[in-house]
Amino acid sequence: MSKRLYFFDTTLRDGEQVPGCQLDIPEKLLIAKELELLGVDIIESGFPVSSPGDFKAVQLISNMIKKTTVCGLTRAVENDIIVAAQALKNAVNGRIHTGIGTSESHIKFKLKSTQEEIIERGVKAVKFARNLVPEVEFYAEDAGRTDNEFLARVTESMIDAGATIINIPDTTGYCLPHQYGEKIAYLMNNVPNIDKAILSTHCHNDLGMATANSVAGIMAGARQVECTINGIGERAGNTSLEEVAMILSQHKHIGLSHKIDSTMLTSMSKLIEEKMNMPVQPNKAIVGGNAFSHSSGIHQDGVIKNRETYEIIDPADVGAKGSEIILTARSGRAALHYHAKKLGYTLSVNELNDSYESFLELADNERNIEDKHLVELFEQVEA
Ligand code: KIV
Ligand code: ZN
């Protein structure tokens with residue numbers, strides 16, 4: 001089995017459909033350029049039939065991007081596919097991402113159809129797209145809640161029709177990691193022509209398990225991961241690119257290579273936060289403001305002695321500015337001493353003890369301890 005994992009970024013499609021995250025065309029071009037520099041393998045740049053603006057964005061991104069595959073989303077509808085192919089015309093490698101719902105609920109309530117008809121519609125769309133672009137990816141929407149035996153039939157038929165990437169979305173973020181992993185394993189073991197395609201994960205975060213599910217899928221044999229910067233996406237979001245990239249570098253035994261330049265993760269996160277007007281929660285893994293901040297005395301003491309006691313990632317590896325020792329009423333003497341030294345004060349043991357008492361009084365009342373507070377405090381004990 002291949003040892004390479006392909007990163008498929010859908011920030012500009014699944015991410016951009018989030019209310020309030022809309023981008024103008026120059027912003028989309030800037031982000032696409034940065035995604036290429038970051039090292040993603042595929043940029044899903046939009047849903048061309050959805051609006052003239054999205055068509056134009058996919059077209060201009062296709063003209064501009066030099067190495068990365070550019071992808072456009074469609075439904076399993078001929079006109080969607082024609083429009084997407086037009087938008088992708090100048091892409092160095094253009095990919096159409098077409099598909100249809102496969103779960104019982106999608107087939108019955110949304111599509112008012114039957115399993116046989118769904119396979120027929122999917123096959124027709126894949127064959128049609130295959131004549132227009134070099135690469136076709138098929139998505140089995142709501143695969144997370146689709147019966148595995150039917151999903152295997154769908155997968156086999158779409159590969160026969162010419163799809164070389166089969167996306168298994170957990171559209172509603174329903175699966176548990178072991179269930180999603182077993183789903184991918186089932187397809188790997190029960191689809192006779194699976195060697196002619198790769199499986200892709202596309203996991204939503206409704207139960208907070210998007211990244212865990214993606215990793216379970218990867219460990220079971222998926223070789224493409226669909227994700228977004230900062231995990232933005234429909235509802236509770238999508239799998240976060242930075243989390244998957246750092247999981248692979250922290251757990252090298254998984255044994256998959258990729259092209260992501262992790263030192264760009266922090267700047268990429270800030271770019272998306274700013275352009276999409278979507279603040280990143282401070283406790284977000286990898287790129288949150290507190291990801292490398294230490295505020296309790298026990299942790300601070302450890303980090304001051306050796307960063308690795310409480311940090312598994314070197315902040316430099318993700319382009320973050322460094323570990324921070326934040327002073328709060330839970331901080332200890334080691335942290336206060338560390339800040340005194342940073343501000344140029346050499347305190348004796350007695351001075352440190354005295355300033356620590358005053359510091360605790362201050363910290364109980366002040367939410368943010370700033371350098372100016374500390375200078376005042378140290379000046380008093382030194383006086
Ligand atoms: O979540 C999903 O199922 C999707 C598909 C359109 C790929 O975003
Ligand atoms: Zn999605």
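Residues numbered from 1 in each chain as written. Chains lettered and ligands numbered in written order. Predicted model: local features only at pLDDT ≥ 70, side-chain atom pairs only at ≥ 80, totals over all residues. Heavy atoms only, no water.

## What about the domain arrangement of the protein chain?
Phase 1: You can read the domains of the protein chain as domain 1 (6–275) and domain 2 (293–382).
Phase 2: Between domain 1 and domain 2, the C-alpha centre-to-centre distance is 45 Å.
Phase 3: Each side of the interface is counted separately: domain 1 has six residues, and domain 2 has seven residues.
Phase 4: Together domain 1 and domain 2 conceal approximately 500 Å² of surface at their shared face, both sides included; 55% is due to carbon and sulfur atoms.
Phase 5: Per-residue buried area on domain 1 facing domain 2 is highest for Met 246, Gln 250 and Thr 266; these three make up 70% of the total on that side.
Phase 6: Summed over the shared surface of domain 1 and domain 2, the result is zero salt bridges.
Phase 7: Here domain 1 is connected to domain 2 by four residue pairs in polar contact (both at pLDDT 80 or more).
Phase 8: Looking at the side of domain 1 that touches domain 2, the elements that each hand over two or more residues are α10 (241–250) and α11 (265–275).
Phase 9: Classifying every residue of the side of domain 1 that touches domain 2 gives two nonpolar, four polar and no charged. (Domains from an automatic or database assignment. Contact = heavy atoms within 4.5 Å. Buried area = accessible area lost by both parts, 1.4 Å probe. Salt bridge = Lys/Arg side-chain N within 4 Å of Asp/Glu carboxyl O. Polar contact = N/O pair within 3.5 Å; in protein donor to acceptor, adjacent residues only side chain to side chain. Helix = DSSP H or I, 4+ residues; strand = E, 2+ residues; numbered from the N terminus. Nonpolar A, V, L, I, M, F, W, Y, C, P; charged D, E, K, R; others polar.)

## So, the site of ligand 1
Phase 1: Around ligand 1 sit Arg 13, Asp 14, Leu 73, His 97, Tyr 139, Glu 141, Asn 167, Pro 169, Thr 171, His 202 and His 204, and those are all the residues in its vicinity.
Phase 2: A distance of 3.1 Å separates an oxygen atom of ligand 1 from a polar side-chain atom of Asp 14.
Phase 3: Against a free-state accessible area of 260 Å², the protein chains account for coverage of 92% of ligand 1.
Phase 4: Each residue belonging to the shell around ligand 1 can be placed in one class, and the counts come to three nonpolar, five polar and three charged. (Near = heavy atom within 4 Å. Areas by Shrake-Rupley, 256 points an atom, 1.4 Å probe, with all protein chains shown as cover.)

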